[in-house]
Structure formats: structure tokens, C-alpha cells
Amino acid sequence: MRDYLLTLCVTAAVTYLLTGPVRKFAIATGAMPEIRARDVHREPTPRLGGIAMFFGLCAGLLVADHLQNLNSVFELSNEPRALLSGAALIWIIGVLDDKFEIDALIKLGGQMIAAGVMVMQGLTILWIPVPGIGTVSLTSWQGTLLTVALVVITINAVNFVDGLDGLAAGMVCIAAAAFFLYSYRIWFGYMIEAAAPATLFTAILMGMCLGFLPHNMHPARIFMGDSGSMLIGLVLAAAAISVTGQVDPDALKIFEGSTRQATHAALPVFIPLLLPLTIIAIPVADLVLAIVRRTWNGQSPFAADRGHLHHRLLEIGHSHSRAVLIMYFWSALIAFGVVAYSVHSASMWIVMLIVALSAVGLVLLLLPRFTPRAPRWAEAFVPPRYRRRKTLPQTVPPLSYRAGEQAEEVPEELTPVPAGVNGATAIGPRSRFPDRRKAGTRG
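Being a predicted model, the structure only gives us computed values, none of them experimental.

1. Regarding the packing of helix H2 (residues 50-65) against helix H4 (residues 79-100)
At a minimum axis distance of 10 Å, the contact between H2 and H4 shows a crossing angle of 170 degrees. By the angle between their axes, H2 is roughly antiparallel relative to H4. Relative to H4, H2 is oriented so that their crossing is left-handed. Residues Gly50, Ile51, Phe54, Leu57, Cys58 and Leu61 of H2 form the contact with H4, whose participating residues are Pro80, Leu83, Leu84, Ala87, Ala88, Trp91 and Val95. By residue class, the composition of the contact of H2 with H4 is 12 nonpolar, one polar and no charged.

What follows is the structure, encoded as C-alpha cells:
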């Protein structure tokens, strides 16, 4: 565990330290696209954050290769090299897209090629557990198709959810943390060495996200872009494929009795293999709804709009930060709920806790519909949104004074302040905060 934590910390440190210089590089090279109608930010923000994340990945793999307890992962398996090859290819495609906006079909082809490169080096799905049937071995072409499909779906789902500051990195970090607990339990609890690569991948993925999040939280100073979102999506998919493709179900020694009984006994152990699918369930549902909505309105399924889930959260009254935290909450509930059920599948407390937390999540979703006002004695202890509005005194406009009279000066606290750097909300200008831009800076 210490080696995994060291690898995580090194990856996070390298990513964090490189993000600042990468931001300056993105500004210098003009990787700051114009604001689109569907964007929620109000000022051009540099992309290419995936450059720092990729070098964090390389640093994590390099450190793990020199650690005594993790060196066996590189000696006994070719999966780290397969991951690095696929990650380098998808990263190059993402960097080109962040700078030159390449065609969507070209990106899709690049994603399939990157997945194919990993398959050629052994990172593929060999078998899958099917309830009621048992473990089903896949042929070569079946495993290849399933692996490529899982990689492409995960990459695009993560890319699709990258719509708010810190949303994609945070959700993937939550998924990686839950998957790390599962794969570490398989490796350490069942003494299955084949689960070590997946454990390493998830530790590095957490470091990449944690190192980038301080720069990407609202208000974001840099975006990860496609070079980052596609990269972390590929690493997340690689971790799931590594466990599914290399861990022999017979090695878990839980198959007893008939095939049906054995499959039911092993089901809680294999449920976390669906973690990547559960994590991307929210963006995939958003994707399906978007396609249906656009087709119903006579638009192209690829036409951009402001009807995504995070846009809806902003429209009903959630702030930018609260919308992101709500998405975090549901991702954590699904991911860690699945892992908890796999450990104690016979406990009803797990199910009851998940149901209770789901109810809490529904209350949080509907919170803007109910805006209670705190009593006056408690207004100093609650956020401004829950305080009673104070009526401001009427002021005479500067142009309404008579000739020869001095214009009445408008109080400073009533002077509207234009929205500037980091001074705009997700759905409108914020004029009650002073401009944070310093003189002589570009922002």
C-alpha cells in the first residue's frame, strides 16, 4: 500500500507542478478557443491540460517500475507498456484536437486504433462471468470487439461529461478510488497477482486527477481538453479490462456446488467489474437523452445545445459548484455502493444505506425549489441566498440633475461592477463582486 500511495503522490505532484507551465504554453500557442453558445464559462480559457496529465502518467509508471514491490508488474505483465502505448496515441490525437479542432470521425478512428494497439499487446478481455451460465471464454475477435467497444464508450462518456469546471476529473477520480479498493482487495485479499496492474492503473489515475483538480475547480484557470478527458477515460477502461481479462475466476476459489450456485456465489465479486459502466451511466444517459431530444426537434444528433444534465442543474437554480458536487455525490453513491455490496452482499444495511443516501440526493436536486429564509438573528450564520432581501434606497441617475446643479454621486456600494476575470456565473453575469483582474494582466 505504501508503494501505491507513493506512486499516487508522485503522479499528483508532477501533474500539479506541470499544469502551470502548460497553461502558459497553451496561451502562447493560442490554444484558447472562442466561447461557444453551449459553454458555461464567460471568458476564453486555455486548454491542453492533458499534457500535464500525460507526463504525470509517465512519471507514475516510471516510479512504479523502480519500486521493489511494484517492479514485478512490469516483469510479469506487458499491460503497463500496452497502456502507455495506447495513452500516447490518444493523447497526441487529443492535443491536435485541442489546437486544431479535428473532425469527430477522425477522433473516433484514433480511439479505435489506440484500443487496438492495447489489444495487440495483450490488454484485452479474455472471459466474462454470465449469471446462470458461468464463466464464458471469448474468442480472439470477440474479445477484441468487446475491448474496443468498452474503451471507445468509456472515452467518449468521460469526454461528454466534461462540461463544468472540475466535473470530469472529479467523477473519474471517484471511480478510480472505488476501483482501486476493489482491485486491491482482489490482489491482497485473494493473493491474485494478476490484479496488480489494475491496482497500479487506478492509483496513477487518481494521482492524475488529484493533481489537475486544483487548477480546474471553479473558476477554472485551465481546461483538460480532449487531450485530458480522452486520456483519463482510456486509463479507466484499461483498469477494468485488466481485471476482467487477466484475473482467472477459478483462482478466487469461490466456485462450489452446481454451476448456477457457483455463479450466484461469485456474482458479488464480479459486480464491481461494471464500475466503469456505472460511473459512465450518468453521461451515457445524458448522451441518449440528447440524441432523442435533438432528433425529436429535427436537429442533427451531433448538434450542440444547452440541454445536458449539468445545464439543467444550472437552470433550476443550482450554482456552478453545487451542480458539480451533486454530480460527485451520485457518482460516489453508485461506485462505492457497488463496492460495498460486493464485500457484504448479504447485509441489508448496505441496501438501506444506499436507499437513504439516494433520498438525500433527491432532496439536494430539488433544493433550489425550496428557498427557506433564515430568521434575522441567524442571518449572519447562513449563506446570502437564505437571507431576506434588503431594499436599496433609490438614487437619482447622474443625468437627471438640473442645469447648473452638481450631479448627485451614486454610492460606491450601488455602483454596478462589470463581470470580469472569474467574475461570471454559469448562467449570467455576476455584478455584485468586484473585478478581480489586476492591472496590467491578461487574466
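2. A short note on the packing of helix H1 (residues 2-29) against helix H8 (residues 196-216)
One way to put it is that H1 packs onto H8 with a least axis distance of 7 Å and a crossing angle of 35 degrees. Between H1 and H8 the crossing geometry is right-handed. Residues of the contact of H1 with H8, tallied by class, amount to 13 nonpolar, nine polar and no charged.

3. Quick look at the packing of aromatic side chains
A complete count under the given rule lists 10 aromatic pairs for this structure. On the numbers, 5.9 Å between centres and 70 degrees between planes, the contact of phenylalanine 54 with phenylalanine 55 is edge-to-face. Exposure remark for phenylalanine 54: the relative accessible area of 8% places this residue in the buried category. Aromatic pair phenylalanine 329 and tryptophan 330: ring centres 5.9 Å apart, planes at 85 degrees, arrangement edge-to-face. By relative accessible area, which is 22% here, phenylalanine 329 ends up partly exposed. Through successive ring pairs, a cluster of aromatic residues spans Tyr4, Phe180, Tyr184 and Trp187.

Reading the values: rules and limits
Residues numbered from 1 in each chain as written. Predicted model: local features only at pLDDT ≥ 70, side-chain atom pairs only at ≥ 80, totals over all residues. Heavy atoms only, no water. Axes fitted to C-alpha atoms, helices over the stretch in contact; angles between N-to-C directions. Helix = DSSP H or I, 4+ residues; strand = E, 2+ residues; numbered from the N terminus. Parallel < 35°, antiparallel > 145°, perpendicular 65-115°, else oblique. Left-handed = near helix turned anticlockwise from the far one by under 90°. Contact = heavy atoms within 4.5 Å. Nonpolar A, V, L, I, M, F, W, Y, C, P; charged D, E, K, R; others polar. Phe/Tyr/Trp six-rings, centres within 6.5 Å; stacked < 30°, edge-to-face > 60°. Buried < 20%, exposed > 50% of the residue type's maximum accessible area, 1.4 Å probe, protein only.

None of this, on its own, says anything about what the molecule does.
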